[in-house]
Amino acid sequence: MTRGAAGPTLVLVLAVGVLVATGVTLLLERSLTRILLGVILLGNGVNLLILLGGRSGVAPLVGSASAGEMSDALPQAMVLTAVVITFGLTAFLLAVAYRSWYTSGDDEVQDDLEDRQIVRLAERNEVSTADLGGEGPDDDPEQVDPEPARRRLRRDGT
């Protein structure tokens, strides 16, 4: 009783395409909830793709069938590992989204100051100033003050 080595059906290939395309589209959104859903969909699509790459057949138990009729166990092990990694990443992103919602009231990823500066320069069609070097670390105005702000505030008495 052996099964033929049939290739992946068109439905499964389309399911992989839809899951990966939807996952990538959701990853490009600014909401952490949509990014989380995108990671989940992309992970499921890649897991299905890995399973489709394996050889189908009978259970890979020694002595139950010839080596050519046995299924490949490596894709199943890789998918099991990928499921655990995706679960860990999902838990981390869920914690980040909850923390963002708790502190700011929404889960949208905001632009930082450098992003806003790049947008302003692009609108004016300007190039950012290049650091030509030559100055010491204390004389470079582009460097961040290494002393934390709390110490400065306490030292100033405010």
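Refer to the preceding data block for the structure.
Fair warning: this is a prediction, and the values are worked out from it, not measured in the lab.

Caption draft 1: Looking closely at the packing of helix α1 (residues 10–27) against helix α2 (residues 32–53). It is the contact of α1 with α2, at a shortest axis distance of 7 Å, that shows an interaxial angle of 155°. By the angle between their directions, the pair α1 and α2 is classed as roughly antiparallel. Both α1 and α2 take part in a crossing whose hand is left-handed. Its residues assigned to classes, the contact of α1 with α2 comprises 18 nonpolar, 5 polar and 1 charged.

Caption draft 2: Just the packing of α2 against helix α3 (residues 74–104), in detail. Where α2 meets α3, the closest approach of the two axes is 9 Å, and the angle between their N-to-C directions is 180°. Overall, the two elements α2 and α3 adopt an arrangement that is roughly antiparallel.

Caption draft 3: Looking closely at α2. The end-to-end C-alpha distance of α2, which contains 22 residues, comes to 31 Å, matching closely the 32 Å that a straight helix rising 1.5 Å per residue would cover. In this fold, the buried residues of α2 make contact with α1 and α3.

The rules behind these values
- Residues numbered from 1 in each chain as written.
- Predicted model: local features only at pLDDT ≥ 70, side-chain atom pairs only at ≥ 80, totals over all residues.
- Heavy atoms only, no water.
- Axes fitted to C-alpha atoms, helices over the stretch in contact; angles between N-to-C directions.
- Helix = DSSP H or I, 4+ residues; strand = E, 2+ residues; numbered from the N terminus.
- Parallel < 35°, antiparallel > 145°, perpendicular 65-115°, else oblique.
- Left-handed = near helix turned anticlockwise from the far one by under 90°.
- Nonpolar A, V, L, I, M, F, W, Y, C, P; charged D, E, K, R; others polar.
- Expected span 1.5 Å × (residues − 1).
- Contact = heavy atoms within 4.5 Å.

That's the geometry; what it means functionally is another story.
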